[in-house]
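The primary structure of each chain is shown beneath.
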Amino acid sequence: MTGPDTLRVESFEAFYRRAWNPVHRAVAVGTGSSDLASDATEEAMVRAYERWNKVSNMENPEGWVYVTAINWARSRLRRRKFWSEAPVPEIAVDDPETPDPKTIEAIRHLPRQQREAVIARYLLDLSEAQMAEAFRIPKGTVKSRLNRALTTLRKELS
Amino acid sequence: MKVEDQVRSALHEDATRYSGNPQGPEQAMRLGARRRTQKQVALSAMGTLVVAGFVWFAASIPGNDGSDAAGGTDVPAVSTTLETVPPSTAAPTTPSTTVPSTSATTEPELATTTIPVAGQTVQVAFASGDGSDCSTVDFTDRIVAETDDPILGAFQHLVGGPTATEVAGGLGSMFSPATEGSVLSAKVTNGLLVVDFTDIRADMNNASTSCGSAALLAQLNATAFQFPEVDRVRYEIEGDCDTFFYWLQGECQTFSR
């Protein structure tokens, strides 16, 4: 293997080992399903390697992988809904045991974009700038999604 | 406790309940590398088709028989190519029943206009012109099955891009086989058509330039407004209008006739 290829492989391996668990957990918290999150994270990692020259130069590749994974998970749920006679919820909760059920329930009932923003900000600890890059939306939109989400959560949890 | 802290703490606690089994970076790298290779092969095949279409088109120009008649001495490349690649072998192999004539004097026909399939004819708009106006489009026909929704069908054809024959005939688009199947939905409610795409941004790199976005929106709007029931149209990526227009360096908007 040539020099640049070795570097490419090494940097991806290190990224994979560092980012897989945080991304998996973020997707699992958002979807309520560890299995779906595993599939989504693996798929997002494959796509990341496919475009590794580009993704590795991002300020926060984890953010890109997270957004790719949740988009994939959502289309998977949509396909399931399409093929299934029974309604499939947007969130596929496997396990009802949650340490703080009230807060988690409130987060899960947020509109999708707000929920994804809250998880990216408060679980993955992405900055607003990193979120704007990952979601490919303006920073102002990130702020307004977070503000709207927090306003709702304040009301729900008070 | 501030709500931000409460949310952070609940999320971190909840996250500890989930543990997955990563398959390892080797698997991801193997699949990623394979897909990259497949994409490169597909792009290369597409490039060959475009070149073949160009050669065939050049051959179909009256008088372009390898002599200087077509353009004097400033186009020797065409003459040279025609000698090495006969028009009959260069004709694109699109699934058309009207394979272009190999006669050097016949104008190219659009491949899809005479496909003998029962269905409804819709039009899709692709970029055309000499490039002086990025929003110039021309229409070409497509057939949508009688039982299918014509609006959704038209957009599904649009995102598949022009055929090699159409490209040779002067149409162009950033849509290509790479964006095929990227329409999630196209629904009209009270005159408002909302077209939702998958995340096509990575496959359409030039769309965010001013000329690129003008060309893209012109093709989308022209395709949308052929349908009389559509008064206004909005575009989304994965259900998000902001994402679509931020990609084009603008803000979410609705277009009217």
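Draft legend 1. Looking closely at the overall build of chain A. Counting its regular elements, chain A contains eight helices and zero strands. Each of the 158 residues in chain A was classed as buried or not, and the buried ones make up 54%. A fraction of 66% describes how many contacts in chain A between residues 6 or more apart in sequence connect residues 24 or more apart. When the accessible surface of chain A is split by element, carbon and sulfur atoms take 51% of a total near 7600 Å².

Draft legend 2. Region of interest: the interface of chain A and chain B. In this complex, chain A contributes 52 residues to the contact, which on the side of chain B involves 41 residues. Around 4100 Å² of area is buried between chain A and chain B when both sides are counted, 57% of it from carbon and sulfur atoms. Counting across the chain A and chain B interface gives five salt bridges. Close ionic contact of B:Glu4 with A:Arg154 constitutes a salt bridge, the shortest N to O distance being 3.9 Å.

Draft legend 3. Examining the packing of helix α5 (residues 101-108) of chain A against helix α1 (residues 3-15) of chain B more closely. Axis separation between α5(A) and α1(B) bottoms out at 9 Å; the angle between their running directions is 100°. Judged by the angle between their axes, α5(A) and α1(B) are roughly perpendicular. Of α1(B), the residues touching α5(A) (which contributes A:Thr103, A:Ile104, A:Ile107 and A:Arg108) are B:Gln6, B:Val7, B:Ala10, B:Leu11 and B:Asp14. Looking at the contact of α5(A) with α1(B) residue by residue, the class counts come to five nonpolar, two polar and two charged.

Draft legend 4. Fine view of the pairing of strand β4 (residues 192-197) of chain B. Residue and element names in this part refer to chain B. Here β4 lies mainly inside the structure; six of its six residues are buried. Burial of β4 is two-sided: the residues Leu-192, Val-194 and Asp-196 facing one way and the residues Leu-193, Val-195 and Phe-197 facing the other way are all buried. Strand direction decides the pairing type here: strand β3 (residues 183-189) and β4, joined by six bridges, are antiparallel. Within β4, the residue paired with Val-183 across the bridge is Phe-197. Where β3 folds back onto β4 in an antiparallel hairpin, the turn is made up of two residues, including Asn-190, whose phi is positive at roughly 50°. Sheet topology note: the β4/strand β5 (residues 232-237) ladder contains six bridges and is parallel. Note on β5: the bridge partner recorded for Leu-193 is Val-233. Read as a crossover between parallel neighbours, the route from β4 over helix α7 (residues 210-224) to β5 is right-handed.

Draft legend 5. Structural view of the packing of aromatic side chains. This model, assessed by the stated rule, comprises 13 aromatic pairs over all chains. Taken together, B:Phe197, B:Tyr235, B:Phe244, B:Phe245, B:Trp247 and B:Phe255 form an aromatic cluster joined through their ring pairs. The cationic tip of A:Arg121 hangs over the ring face of A:Tyr122; the distance from NZ or CZ to the ring centre is 5.8 Å.

Draft legend 6. Geometry of the pattern of salt bridges. All chains considered together, the criterion is met by 14 salt bridges over all chains. Across the salt bridge formed by B:Arg8 and A:Asp125, the nearest N and O atoms sit 3.8 Å from each other. Of this pair, B:Arg8 sits in helix α1 while A:Asp125 sits in the loop between α6 (112-122) and α7 (128-135), each in a different chain. Here B:Arg8 falls in the partly exposed class, since its relative accessible area comes to 28%. Its relative accessible area of 43% is what places A:Asp125 among the partly exposed residues. Taking the shortest distance from any N to any O, the salt bridge between B:Asp240 and A:Arg145 comes out at 2.6 Å. Of this pair, B:Asp240 sits in the loop between β5 and α8 (241-247) while A:Arg145 sits in helix α8 (residues 139-157), on two different chains. The pair B:Asp240 / A:Arg145 is uniform in exposure class, with both members buried. Through salt bridges with shared partners, a single ionic network connects A:Arg108, B:Asp14 and B:Arg17.

Draft legend 7. Main features of helix α2 (residues 34-50) of chain A. For α2(A), which comprises 17 residues, the first-to-last C-alpha distance of 24 Å matches the rise-based estimate of 24 Å (1.5 Å per residue) to within 8%. By the N-cap criterion, in which a side-chain oxygen at the helix start approaches the backbone nitrogen of a residue two or three places on, α2(A) is capped by A:Ser33, the distance to A:Leu36 being 3.1 Å.

Draft legend 8. A look at unusual backbone geometry. Of note in this structure, A:Asp125 is not a glycine but carries a positive phi near 60°. In this model, B:Gln249 sits at a positive phi of 60°, which is unusual for a non-glycine residue. The topology assignment puts B:Gln249 in the loop between α8 and β6 (255-256). Overall, the relative accessible area of 61% leaves B:Gln249 in the exposed class.

Quick notes on the rules
Residues numbered from 1 in each chain as written. Chains lettered and ligands numbered in written order. Predicted model: local features only at pLDDT ≥ 70, side-chain atom pairs only at ≥ 80, totals over all residues. Heavy atoms only, no water. Helix = DSSP H or I, 4+ residues; strand = E, 2+ residues; numbered from the N terminus. Buried < 20%, exposed > 50% of the residue type's maximum accessible area, 1.4 Å probe, protein only. Contact = heavy atoms within 4.5 Å. Areas by Shrake-Rupley, 256 points an atom, 1.4 Å probe, with all protein chains shown as cover. Buried area = accessible area lost by both parts, 1.4 Å probe. Salt bridge = Lys/Arg side-chain N within 4 Å of Asp/Glu carboxyl O. Axes fitted to C-alpha atoms, helices over the stretch in contact; angles between N-to-C directions. Parallel < 35°, antiparallel > 145°, perpendicular 65-115°, else oblique. Nonpolar A, V, L, I, M, F, W, Y, C, P; charged D, E, K, R; others polar. Pairing = 2+ DSSP bridges. Right-handed = clockwise from strand over helix to strand, strands pointing away. Phe/Tyr/Trp six-rings, centres within 6.5 Å; stacked < 30°, edge-to-face > 60°. Lys NZ or Arg CZ within 6 Å of the ring centre and 35° of its normal. Expected span 1.5 Å × (residues − 1). Polar contact = N/O pair within 3.5 Å; in protein donor to acceptor, adjacent residues only side chain to side chain.

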